[in-house]
Amino acid sequence: MWQVRFHGRGGQGVVTAAELLALAAFRDGKYAQAFPSFGSERMGAPVMAFCRIDDTTIRTRDTVTCPDVVIVQDATLLHQVDLFAGLTPCGFVLINSTRSLNVLHLEEFLSILPVGHVCAFPASDLGLKYLKRPLANAPLLGGFAALTGLIRLASVESAIRQRFPGEIGEANVASVREAYDHVTTLTAEQQGILRR
Amino acid sequence: MNVQMEGSQAVAEILARCRPEVIAAYPISPQTHIVERLSVKVARGEIGRCQFVNVESEFAALSVLIGASASGARTYTATSSQGLLFMAEAVYNAAGLGLPIVMTIANRAVGAPINIWNDHSDSMALRDAGWIQLFAEHNQEAIDLHIQAFRLAEALSCPVMVCMDGYVLTHASEPVDLPDAAHVDAYLPPYQPVQLLDPNDPVSIGAMVGPDAFAEVKYLAHHQHLRALDLIPELTQAFEQHFHRQSGGLCSPYRMEGADIAVIAMGSVIGTIKDVVDELRRASIPVGCIKIGCYRPFPMLRLRGLLEGVSRVIVVEKDLAVGVGGIVSADVQLTLSGRQIPVHTVIAGLGGRSISTSSLKQMIVEARAERLTEPYFLDLNKTVIEQELARRRDIRRAGPVAEHILRTMNVMGTKVS
């Protein structure tokens, strides 16, 4: 079973991201469970959401304390909330930031993870580009597909189209594609550097 | 049709296929998504001639439904927590009048301290009001129970609560099979009232009953509940034949063959407990679990049968009878009266605290070793409790408990575990 934990702030579509990931996994023929962990619902308050993906029915209901993947939708949470608590040794980390891991003071901390398992990229900028709003959740799902290979890009796209039919869906899909290509290139570069 | 869907949306979809004629509801978390979705569906004309009545409170919601049900309409509402308590008087009335209203309880803690998260305190507070109470393990069961609930309520002319864990189920996206309207119609016939406010055949409903007959009327309500204990297995069997899956029922055993220890619980925690049972069985610990699917009426005979041969019982419950301990445990103890086996009460998941597999596993191991205090509070932070107790001993004007506990624990915003 794969367990994913999303961190963000109220109003950034964290819960929607987890639901879309579950829907994409469902479209891939997998079993998925997504659920939020609300604080009192306030714009800007730290929020978490969870997604589990498996090949069989998922029965457990406890919150994800040992995630295989951590997705950080808002980099201002870094060093504020214990974002990486319980992350598995071979886990993945995806961060929405215009800054590099080095600048974020995370390089050393996350160096224990395998090469190519950590990626920071400006997902909000892609939201601005395609949706005119700094929404990072859809691009991060594109990044998730590229980074982990756990779900197909096509399934993310069809999940988004189902949830947001029409223009908004198409704009989201465009942002997802660019994010997918971007993260694919970034991780390939990371691994390439190591090989040299 | 198999879909991946949020629990609340799925319940609203299936509700529409149950063809309610009057819905009256007042929004409260975590029930809101259900009634929001239903109001949209009614406004779009997707539920036939159903009327959605916007009311000013939960008390009004159920009062409207009492009138609507008495005039022959299939009726539905949903609520949570203080919302249920606010309608308490009408809850008793609906049952006392024998009106087959169906209500979803998106289970949530009851304040103070105010808390929007899941436990079973709300429906527990009204467990003896005369409503049948069914509990859902997962979202598939939640939607199936709603279909069964209308048929059960109308067969007995008795109201039914379908309890599903707030957030844990209502806000969880998971795969569900949504039967189509024709399929639901074939299982759930149109409502035939046993009592009806009809100008062409006038009756009055709601007589004042004095000491000479009150007990008899109450006894008949009890009798209806006892009938439900026979009817529910029949309805679930008919459901299985019709929809080709098992859903609902009085209580369901899981890996109870050769089980020495039975873990009993209600609602969504059963899923987590099943995983724990599998793990312990792999370690050759003979444990099984029993889901109580129908809490009112309480299925004593069936439960007693399932507990034959068990030498230890652990009841995991998301509620607390302050000054007593467990509530479900008391029913289980009554069920086992005459049998000398330990029944442990485990209070867990209060106010939405996550019930982890590791804590459950450890608790079962401790119970086997006779090391559980009674009642046992799962994952209770004893350090904080002792600090606060000491502080209150030393200072007369110690101030509010909740605020001090929060300060001691430095709980701000989101915490991971």
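Since this is a predicted model, take the numbers as computed values, not measurements.

About the cut-offs
- Counting from 1, residues in each chain are numbered in the order their sequence is written.
- A letter from A marks each chain and a number from 1 marks each ligand, given out in the order of writing.
- Local features in this predicted model are restricted to residues of pLDDT 70 or higher, and side-chain atom pairs are both shown and tallied only at a pLDDT of 80 or more, whereas totals for entire chains, interfaces and linings draw on every residue.
- Note on pairing: two strands pair once DSSP finds at least 2 bridges between them.
- Strands here are runs of E lasting at least two residues and helices are runs of H or I lasting at least four, both read from the DSSP assignment and numbered beginning at the N terminus.
- Axis angles are defined between N-to-C directions and span 0 to 180 degrees, where every axis is a line fitted to C-alpha atoms and, for a helix, only to the segment in contact.
- For every residue pair, C-beta atoms are placed from the backbone, and the pair is scored as a contact if these atoms sit within 7 Å.
- Note that Gly is not counted as nonpolar here; it falls among the polar residues with everything else outside the nonpolar set of Ala, Val, Leu, Ile, Met, Phe, Trp, Tyr, Cys and Pro and the charged set of Asp, Glu, Lys and Arg.
- To estimate how far a helix should extend, the number of its residues minus one is multiplied by 1.5 Å.
- Every C-beta atom is placed from the backbone, and the number of other C-beta atoms within 10 Å of a residue's own sets its class: buried at 20 or more, exposed at 12 or fewer, partly exposed in between.
- Look down the strands so they point away from you; if going from the first strand over the helix to the second traces a clockwise path, that crossover is right-handed.
- The nonpolar core is taken to be a set of buried Ala, Val, Leu, Ile, Met, Phe, Trp, Tyr and Cys residues joined by way of C-beta atoms within 7 Å.
- What counts as a domain boundary in this text is fixed by an automatic or database domain assignment.

Asker: Let's hear about the sheet that holds strand S7 (residues 160–165) of chain B: which residues, and what values?
Answerer: Residues and elements named next belong to chain B. Taking strand neighbours across the sheet as the criterion, the seven strands line up as S3-S2-S4-S5-S7-S6-S12 in an open arrangement whose pairing is mixed. This sheet does not close on itself; its edge strands, each paired only once, are strand S3 (51–54) and strand S12 (294–296). This sheet shows a mean twist of 20° between the axes of neighbouring strands, independent of strand direction. Bridge count for strand S6 (residues 132–135) against S12 is two bridges, and the pairing is antiparallel. By the bridge assignment, leucine 134 is partnered in S12 with cysteine 294.

Asker: Please set out the interface of chain A and chain B residue by residue, giving values where relevant.
Answerer: In this assembly, 26 residues from chain A lie in contact with 24 residues from chain B. Secondary structure elements with two or more residues in the side of chain A that touches chain B: helix H1 (14–27), strand S2 (31–37) and strand S3 (46–54) of chain A. It is S2(A) that contributes the most residues to the side of chain A that touches chain B, six residues altogether. Partitioned by chemical class, the residues of the side of chain A that touches chain B number 15 nonpolar, six polar and five charged.

Asker: Which residues make up helix H3 (residues 58–70) of chain B, and what values do they have?
Answerer: Residues and elements named next belong to chain B. For H3, built from 13 residues, the straight-helix expectation of 18 Å at 1.5 Å per residue is met to within 8% by its first-to-last C-alpha distance of 18 Å. Among the residues making up H3, those that are buried are Glu58, Ala61, Leu62, Val64, Leu65, Ile66, Ala68, Ser69 and Ala70. Tucked into the core, H3 has its buried residues touching strand S2 (22–25), S3, strand S4 (75–79), helix H4 (81–86) and helix H5 (88–96). Taken from the residues just after H3, glycine 72 is the one with a positive phi, measuring 100°.

Asker: Lay out helix H10 (residues 269–282) of chain B with the relevant residues and their values.
Answerer: Residues and elements named next belong to chain B. When the terminal C-alpha atoms of H10 are compared, their 20 Å separation across 14 residues agrees well with the 20 Å that a helix rising 1.5 Å per residue should span. Val269, Ile270, Gly271, Thr272, Ile273, Val276, Val277 and Leu280 are the residues of H10 that are buried. In this structure, the buried side of H10 is in contact with strand S9 (251–254), strand S10 (261–265), strand S11 (287–292), strand S13 (312–317) and helix H13 (357–368). Serine 284 occupies a position one or two residues after H10 and carries a positive phi of about 60°.

Asker: I'd like a rundown of the pairing of S3(B), residues and numbers included.
Answerer: Residue and element names in this part refer to chain B. Direction of pairing for S2 relative to S3: parallel, over a ladder of four bridges. Its bridge partner lying in S3, alanine 24 is registered against valine 53. Handedness of the crossover joining S2 and S3 through helix H2 (residues 32–43) is recorded here as right-handed.

Asker: An account of the nonpolar core is requested, with residue identities and associated values reported.
Answerer: Residues A:Ala18, A:Leu21, B:Val162 and B:Val263 are the most contacted members of the largest nonpolar core, which totals 176 residues. Ranked by the residues each element gives to this core, the list is headed by H1(A), at eleven residues. Each of domain 1 (2–243) and domain 2 (251–377) of chain B gives at least three residues to this core. Apart from residues no more than four positions distant in its own chain, A:Leu21 is found in contact with A:Val4, A:Ala34, A:Cys51, A:Leu141 and A:Phe144.

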